[in-house]
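The lines below spell out each chain.
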Amino acid sequence: KMKILKLSFALLSIWKAQSFVTNFNVHTGLKIPEISLKSSASNSQPDFRWTNPKISNVCDETGVTLSRYMMEMAKANPELSEVESIISSVQTACKTISNLVRRSSLRGITGMDPSGSINVQGEEQKKLDVITNNVLKRALQYTGKLATIASEEENSPVMLDNRGNAVYSNDVLLEQEGKYVAVFDPLDGSSNVDAGIPTGTIFGIFESPEECLVDLDIEDMDMAAKQCLSNTLQPGTQLVAAGYCLYSSSTTIVITLGNGVNGFTLDESIGEFILTHPSIQIPNRGKIYSFNESNRLDWDEPLVQYINALQSGKSDSGSRYSSRYIGSMVGDVHRTLLYGGIFGYPADKKNPDGKLRLLYEAAPMAFLVEQAGGMALTGKNRIMDLHPKSVHQRVPCILGSRDDVSELQRYYDDLSDEEIAQRCASRMSSELG
């Protein structure tokens, strides 16, 4: 009996050891023999646009890299083959920016740009704003897949020829063959870099409308440029891909292609982003609210009452919420995605349209949050439905767990006055500014 018992324990130990080696990547702790990225079983998450791949034969030492994930997505969905090339350039730029941010003090690239440059929003640019904008623009410029590149740091979109060269018409550049439009904020929260606080890059990819293919030999180039520009002002519902890269204790890219949300952490020892957060689902309700409360006296009354309810435990959850606010959108949204709760940069008396840019920040983040099962609103309206009226249009942005955000929306529906109603209605207009 003792021999049988010892043999049983030995076999059990061998089975456990084999199970661990077979099912877990020793490098990342992820399951490795076959990774099937989940479809949504929740009614709160939108339908997926593409077929999610089943990834097998994963390397024990690396796990699933972002490059491998994009290859598998393109195999399963050939329409995404060109997006694969764009995301490859994005991740190269993010590795470079991560290194720049970490070494900024050592390299003397903190502080304001010595040229005293001011961006289109009237904000004084930091050295890293200028450098990171160039890094991302250059990385995207030569993919051969882009018709237009639009940056928060530039006055006008940059359009390219089929060799990635800029073709100018005053401030606007035109292209003949590129299929996609890239929008980005190269370094969100750049004012925090000098203090070592998390920062990030936000990006979105749209498909360029066919009517944007312009004959570069026509005489009235300015008119064509304006028409092309207006056609690239697309609502978030037209996004093909969106994501952010967080520069913090680790460097993490979180991305969606309309197929749910996945997070990849940079392993600096091999220079690859590794799948560490597969199929991210935001909790239906959280316990954290994230707003800059120094502006509280200027907020809309529905928001004030909602935050009062969260603080006093009189909200639908019956629990008192904690306040956490970094002041860097990428850091605050990343925490909200993982832990749940609600984040906002709302309208106030000084900024009735908020401060976040619809194209570069609000729409890409709204796409991500919705794909993770959350909601993203201006207060009353869905951000993804807004048609941009200008390249640098600002909007209020409140996003997070579905139950938390829908509860806030109810306050706006019940308590909004005529001024708030008019503001919300004007944002839903597609008329260009």
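Above this text sits the structure in question.
Residues numbered from 1 in each chain as written. Predicted model: local features only at pLDDT ≥ 70, side-chain atom pairs only at ≥ 80, totals over all residues. Heavy atoms only, no water.

What's the story with the overall build of the protein chain in this structure? I'm lost.
A tally of helices and strands in the protein chain yields 11 helices and 19 strands. The long-range share in the protein chain, meaning contacts at least 24 apart out of those at least 6 apart in sequence, stands at 66%. By element, 49% of the accessible surface of the protein chain is carried by carbon and sulfur atoms, the whole surface being about 19,100 Å². (Helix = DSSP H or I, 4+ residues; strand = E, 2+ residues; numbered from the N terminus. Contact = heavy atoms within 4.5 Å. Areas by Shrake-Rupley, 256 points an atom, 1.4 Å probe, with all protein chains shown as cover.)

Looking at this structure, I do not really get the pattern of salt bridges. What am I missing?
When the charged atoms of two side chains lie near each other, side chains of opposite charge can form a pair. Following the criterion strictly, the structure yields 17 salt bridges and no others. Here Glu268 makes a salt bridge to Arg102, at a shortest N to O gap of 3.6 Å. Placement of the pair is Glu268 in the loop between strand S11 (261-267) and strand S12 (272-277) and Arg102 in helix H3 (residues 81-102), with a sequence separation of 166 residues. On the accessibility criterion, Arg102 (49% relative accessible area) is partly exposed. Residue Asp413 is joined to Lys380 by a salt bridge in which the shortest nitrogen-to-oxygen separation is 3.2 Å. In this pair, Asp413 sits in helix H10 (residues 402-415) while Lys380 sits in the loop between strand S17 (375-377) and strand S18 (394-395), placing the two residues 33 residues apart along the sequence. What makes Lys380 partly exposed here is its relative accessible area of 23%. In this structure, a network of salt bridges that share partners links the residues Glu152, Arg357 and Glu361. (Salt bridge = Lys/Arg side-chain N within 4 Å of Asp/Glu carboxyl O. Buried < 20%, exposed > 50% of the residue type's maximum accessible area, 1.4 Å probe, protein only.)

Hey, could you run me through helix H11 (residues 418-427) in this one?
Every buried residue of H11 is accounted for by Ile420, Arg423, Cys424 and Arg427. The buried residues of H11 occupy an angular sector of 95° when the element is viewed end-on, so they sit on one face. Its buried side turned inward, H11 meets helix H7 (301-312), S18 and H10. Two or three places before Glu419, at the opening of H11, Asp417 has a side-chain oxygen 3.2 Å from that residue's backbone nitrogen. (Arc of directions from axis to C-beta. Polar contact = N/O pair within 3.5 Å; in protein donor to acceptor, adjacent residues only side chain to side chain.)

Could you clarify how one ought to interpret H10 in this entry?
Each α-helix winds once per 3.6 residues, and so residues spaced three or four apart point in a common direction. Between the first and last C-alpha of H10 there are 20 Å, a value that for 14 residues agrees with the 20 Å anticipated at 1.5 Å per step. Among the residues of H10, those classed as buried are Asp404, Val405, Glu407, Leu408, Tyr411 and Tyr412. The arc that holds every buried residue of H10, seen down its axis, measures 155°, which confines them to one face. Of the surrounding elements, those touching the buried residues of H10 are H7, strand S15 (342-345), S17, strand S19 (397-400) and H11. (Expected span 1.5 Å × (residues − 1).)

Explain the environment of Leu80 to me, please; I cannot follow it from the model alone.
Within the secondary structure layout, Leu80 lies in the loop between helix H2 (66-76) and H3. Judged by relative accessible area, which is 1%, Leu80 ranks as buried.

Whenever I open this one, the packing of aromatic side chains confuses me. Can you help?
The relation between two aromatic rings is expressed through the spacing of the ring centres and the mutual angle of the planes. Scanning all chains against the criterion turns up three aromatic pairs. With 5.6 Å between their ring centres and 70° between their planes, Tyr306 and Tyr411 make a pair best called edge-to-face. Pair noted here: Tyr306 is in helix H7 and Tyr411 is in helix H10, with a separation of 105 residues, a long-range link. Of the two residues, Tyr306 and Tyr411, both sit in the buried class. (Phe/Tyr/Trp six-rings, centres within 6.5 Å; stacked < 30°, edge-to-face > 60°.)

Please clarify how the state of the cysteines should be interpreted in this entry.
Should the sulfur atoms of two cysteines be covalently bonded, the bond is a disulfide. Scanning the entire structure with this criterion turns up zero disulfides. Cysteine Cys245 remains unbridged, with the sulfur of Cys94 as its closest cysteine sulfur at 3.9 Å. (Disulfide = S-S within 2.5 Å.)

Would you mind going over the pairing of strand S10 (residues 251-256) with me for this structure?
Most of S10 is tucked away: six of the six residues are buried. Residues of S10 alternate between two faces, with Thr251, Ile253 and Ile255 on one and Thr252, Val254 and Thr256 on the opposite face, all of them buried. Taken together, the six bridges between strand S9 (residues 239-247) and S10 define a ladder with antiparallel strand orientation. Paired with Ala242 across the bridge in S10 is Thr256. Taking the residues between adjacent antiparallel strands as the criterion, S9 and S10 are bridged by three residues. Examined bridge by bridge, S10 and S11 share five bridges and lie antiparallel to one another. Across the sheet, residue Val254 finds its bridge partner in S11, namely Gly263. Where S10 folds back on S11, the antiparallel hairpin that results is connected by four residues, among which Gly258 adopts a positive phi of roughly 85°. (Pairing = 2+ DSSP bridges.)

Would you explain the sheet that holds S19 in this entry?
Strand pairing in a sheet takes place through backbone hydrogen bonds and is either antiparallel or parallel in direction. Judged by pairing direction, the sheet is mixed, and its five strands sit side by side in the order S14-S13-S15-S19-S17 without closing on themselves. Among the strands making up the open sheet, the edge pair consists of strand S14 (322-323) and S17. In this structure, strand S13 (residues 288-290) lies alongside S15, joined through two bridges in parallel fashion. By the bridge assignment, Tyr289 is partnered in S15 with Ile342. Taken strand by strand, helix H9 (residues 358-371) contacts S17 and S19, and its axis lies near 20° from that of S19. Each of S15, S17 and S19 is contacted by H10, which is oriented at about 30° to S17, the strand it contacts most. (Axes fitted to C-alpha atoms, helices over the stretch in contact; angles between N-to-C directions.)

Is there a simple way to explain the nonpolar core in this structure?
Most often, soluble globular proteins keep nonpolar side chains buried together rather than apart. Ranked by size, the top nonpolar core spans 42 residues in total, and within it Leu66, Tyr69, Val83, Leu140, Leu257 and Phe273 carry the most contacts. In terms of residue count, H3 provides more of this core than any other element does, nine residues in total. The residues contacting Leu140, other than those within four sequence positions of it, are Ile86, Ser89, Val90, Leu146, Ile149, Ala182 and Phe184. Within the second largest apolar cluster, 39 residues are counted, among which are Ala150, Ile282, Ala366 and Leu399. (Core = buried A, V, L, I, M, F, W, Y, C linked by side-chain atoms within 4.5 Å.)

I'm lost on the side chain of Ser151 in this one. Help?
Secondary-structure assignment places Ser151 in strand S3 (residues 146-151). You can call Ser151 buried: its relative accessible area is 3%. Separated by 2.5 Å, the side chains of Ser151 and Asn133 make a polar contact. Among all residues touching Ser151, those that are not within four sequence positions of it are Asn133, Phe184, Pro186, Tyr360 and His392.

By themselves, these observations are geometric and do not establish any function.
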